[in-house]
Amino acid sequence: MSTPASHDNFTLKEEIRAYWSARAESFDLSFGHAIKSNRELKAFQRLIGDSFGPEPLDVLDLACGTGEITRALLSLKHRVTALDFSEAMLERARAKHGKAARFRLGDAEHLLDEDASYDAAITRHLVWTLTDPEAALGEWFRVLRPGGRLLVIDGDWVNRTRWQALVNRFGNWLREKRGAAVHQIDADTHASITKRFYFKDGLSRQRLETMLTAAGFIDIVPADYHQVVREQQRAAPLHDAIRLASSTRFALLARKPADAAVSR
């Protein structure tokens, strides 16, 4: 019989799955989700190339969503396995890429892959939603080959500096003034689930670095995600470009030691 804690986690996970599945249809319309320009795609290519190197690799795209990071990986000739918790998201990813990537339904916190299956792994905007990040990072470490690299793109969507709060309010005001569409289906559900996230108080780069170290990763360094945000702002309507500056966004690159045992 499961404990109350595990039951609560299961319930939260199912709520998370339902929420993102319901958002799948309009997900690419929201700013910062779909790659909106060739310049943004090139920025992602530079970010991934600088992180993983120029050679095609076996890459795990964790929480692939509608397949936008998959798109950047495929454009660099990587061999991509794309995983997501939502079948609705995967349907859209498959529609974009067909059989160019291997798409799988699965839980990023409990992978079914064999040890040492991938040269690299990448995830965008997943870590802040995890119910058990220690388990997830342990799994990602496990499925990487010795010397493999992990690129985590995320942000602190909870805490804002005074300046960021002013920027956010102005961006929201401008969006309302212009009558722009808001592509969020259920603000109450979003607020309810985010209050129960492990990182409900916010995810900082420093906190993630500490957790990556505890999971066994080494050579943890910032990656230049700001080049991507700049191109997103360039292509976005003014109100969205402003709102992109209202949160702390970051990327961290980490490596599994070359002498790490295949199984931990």
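Parameters and conventions
- Residues numbered from 1 in each chain as written.
- Predicted model: local features only at pLDDT ≥ 70, side-chain atom pairs only at ≥ 80, totals over all residues.
- Heavy atoms only, no water.
- Helix = DSSP H or I, 4+ residues; strand = E, 2+ residues; numbered from the N terminus.
- Rg over C-alpha atoms; globule rule 2.2 N^0.38 Å.
- Buried < 20%, exposed > 50% of the residue type's maximum accessible area, 1.4 Å probe, protein only.
- Lys, Arg positive; Asp, Glu negative; His and termini not counted.
- Charge placed at Lys NZ, Arg CZ, Asp CG, Glu CD.
- Polar contact = N/O pair within 3.5 Å; in protein donor to acceptor, adjacent residues only side chain to side chain.
- Salt bridge = Lys/Arg side-chain N within 4 Å of Asp/Glu carboxyl O.
- Contact = heavy atoms within 4.5 Å.
- Pairing = 2+ DSSP bridges.
- Axes fitted to C-alpha atoms, helices over the stretch in contact; angles between N-to-C directions.
- Phe/Tyr/Trp six-rings, centres within 6.5 Å; stacked < 30°, edge-to-face > 60°.
- Core = buried A, V, L, I, M, F, W, Y, C linked by side-chain atoms within 4.5 Å.
- Right-handed = clockwise from strand over helix to strand, strands pointing away.
- Arc of directions from axis to C-beta.

So, the overall build of the protein chain
- Looking only at helices and strands, one finds 10 helices and 7 strands in the protein chain.
- The C-alpha atoms of the protein chain give 18 Å as radius of gyration, which agrees with the globular expectation for 264 residues (18 Å, within 12%).
- Expressed as lengths along the three principal axes of its C-alpha atoms, the size of the protein chain is roughly 55 × 50 × 35 Å.
- Counting only residues that meet the buried cut, the protein chain has 51% of its 264 residues in that class.
- With 38 positive and 35 negative side-chain charges, the protein chain shows a spacing of 6 Å between the two charge centroids.

Things to note about helix α4 (residues 87-97)
- Of the positions making up α4, those classed as buried are A88, M89, L90, A93 and H97.
- The N-capping residue of α4, defined by a side-chain oxygen 3.3 Å from the backbone nitrogen of A88, is S86.
- Two residues or fewer after α4 comes G98, characterised by a positive phi angle close to 55°.

A short note on the pattern of salt bridges
- Tallied over the full model, the rule gives 18 salt bridges.
- The partner of R39 in a salt bridge is E231, with the nearest N and O atoms 2.9 Å apart. Note that R39 is positioned in helix α2 (residues 38-52) and E231 in helix α9 (residues 226-235), a separation of 192 residues in sequence.
- When salt bridges with common partners are traced through the structure, they connect D28, E68, R71 and K96 into a single cluster.

Observations regarding the side chain of K13
- Within the secondary structure layout, K13 lies in helix α1 (residues 4-23).
- A polar contact of 2.5 Å, which involves the side chain of K13, links it to the side chain of D107.
- Residues in contact with K13, not counting those within four places in the same chain, are F85, D107, E109, H110 and T131.

What about the side chain of N168?
- Positionally, N168 belongs in helix α6 (residues 162-178).
- Beyond its immediate stretch of four places on either side in the chain, N168 contacts R160, R243 and S246.

Notes on the sheet that holds strand β7 (residues 248-255)
- In spatial order, the strands read β3-β2-β1-β4-β5-β7-β6; together these 7 strands make up an open sheet with mixed pairing. Both edges of this open sheet fall to β3 (102-105) and β6 (218-222), since each of them pairs with a single strand only. Averaged over neighbouring strand pairs, the angle between their axes works out to 15° when direction is ignored.
- Along the sheet face, α4 touches β2 (79-84) and β3 and points at about 170° away from the line of β3.

Details of the environment of R124
- Residue position: R124 is located in strand β4 (residues 118-124).
- As a C-alpha pair, R124 and L151 span 27 residues in sequence and 8.5 Å in three-dimensional space.
- The residues touching R124, leaving out its near neighbours within four places in the chain, are G32, H33, F44, L62, E68, I69, I153, Y225 and Q232.
- Of the polar contacts made by the side chain of R124, one reaches the backbone oxygen of G32; its length is 3.3 Å.

Some words on the packing of aromatic side chains
- Going through the model one piece at a time under the given rule, you end up with 7 aromatic pairs.
- Summarising the aromatic geometry, the rings of F44 and Y225 are spaced 6.3 Å apart at their centres and angled 55° between planes, so their arrangement reads as tilted. Of the two residues, F44 sits in helix α2 while Y225 sits in the loop between β6 and α9, which places them 181 residues apart along the sequence.
- You can call F44 buried: its relative accessible area is 1%.
- Between W128 and F197, the ring centres sit 5.2 Å apart and the planes meet at 85°, which makes this aromatic pair edge-to-face.

Observations concerning the nonpolar core
- Of all hydrophobic cores here, the largest spans 41 residues; its most connected members are L62, W140, L212 and F217.
- Ranked by the residues each element gives to this core, the list is headed by helix α5 (residues 133-143), at 5 residues.
- Sequence-distant contacts of W140, that is, excluding residues within four places in its chain, are made with L62, A108, L111, T123, L126, V127, L130, L150 and F217.

Details of the pairing of β3
- The pairing of β2 with β3 spans 4 bridges and is classified as parallel. Among the inter-strand pairings, A82 is bridged to a residue of β3, identified as F103.
- In terms of handedness, the path from β2 via α4 over to β3 forms a crossover that is right-handed.

Describing helix α8 (residues 205-214)
- Inspection of α8 places L208, M211 and L212 among the buried residues, and these make up the whole buried set. In an axial view of α8, the angular spread of the buried residues amounts to 100°, which keeps them on one side of the axis. For α8, the exposed residues lying more than 90 degrees away from the buried face are Q206, T210 and A214.
- On its buried face, α8 sits against α5, β5 (144-156), β6 and β7.

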